[in-house]
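Given next are the chains, with one letter for each unit.
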Amino acid sequence: MIHYDPTHSKLLRGISPAKIITMKKLRPYLFLIPYLVAVGVGLKFGYDFGMQISGPIMAVITALLGAVFCSIIVESFLGKKRKNDS
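Residues numbered from 1 in each chain as written. Predicted model: local features only at pLDDT ≥ 70, side-chain atom pairs only at ≥ 80, totals over all residues. Heavy atoms only, no water.

Draft legend 1. Spotlight on the packing of aromatic side chains. This model, assessed by the stated rule, comprises one aromatic pair. With 6.3 Å between their ring centres and 90° between their planes, Phe31 and Tyr35 make a pair best called edge-to-face. Its end group placed over the ring of Phe45, Lys44 keeps NZ or CZ at 5.2 Å from the ring centre. (Phe/Tyr/Trp six-rings, centres within 6.5 Å; stacked < 30°, edge-to-face > 60°. Lys NZ or Arg CZ within 6 Å of the ring centre and 35° of its normal.)

Draft legend 2. Focus on the side chain of Thr62. Residue placement: Thr62 occurs in helix α4 (residues 56-85). The class for Thr62 is buried, based on a relative accessible area of 12%. With residues up to four places along the chain from it excluded, the contact list for Thr62 reads Gly46, Tyr47, Phe49 and Gly50. (Helix = DSSP H or I, 4+ residues; strand = E, 2+ residues; numbered from the N terminus. Buried < 20%, exposed > 50% of the residue type's maximum accessible area, 1.4 Å probe, protein only. Contact = heavy atoms within 4.5 Å.)

Draft legend 3. Looking closely at the confidence of the model for the protein chain. Per-chain confidence: the protein chain averages 81 in pLDDT, with 65% of residues scoring 70 or above. Ranking the elements of the protein chain by mean pLDDT puts helix α1 (residues 8-11) last with 54 and helix α3 (residues 32-53) first with 96. (pLDDT = per-residue confidence, 0-100.)

Draft legend 4. Structural detail: the pattern of salt bridges. Summed over the entire model, instances satisfying the criterion amount to one salt bridge. Asp48 is the partner of Lys44 in a salt bridge, and the nearest nitrogen-oxygen pair spans 2.6 Å. Separated by four residues within a single helix, Lys44 and Asp48 lie in helix α3, roughly one turn from each other. Using a relative accessible area of 45% as the deciding quantity, one classes Lys44 as partly exposed. The partly exposed category is assigned to Asp48, whose relative accessible area is 32%. (Salt bridge = Lys/Arg side-chain N within 4 Å of Asp/Glu carboxyl O.)

Next up, the structure:
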């Protein structure tokens, strides 16, 4: 029969302290992932829309506007979430 020994050394075997510190430093920035996804979606669809209605200059303008719009939408959802969490 195998017994589980939850001592500190067994739990952290193979994990360097640098990895633990890096994960603790990255945790506050995880909320940026939905913003980056939203900006990417806004850029892609805004650029496609601009190319359909005009040319490259309009495509860049609509891509930037689409990215801003999508980030505002995400902020509206996450802002409500963060206010409820605190």
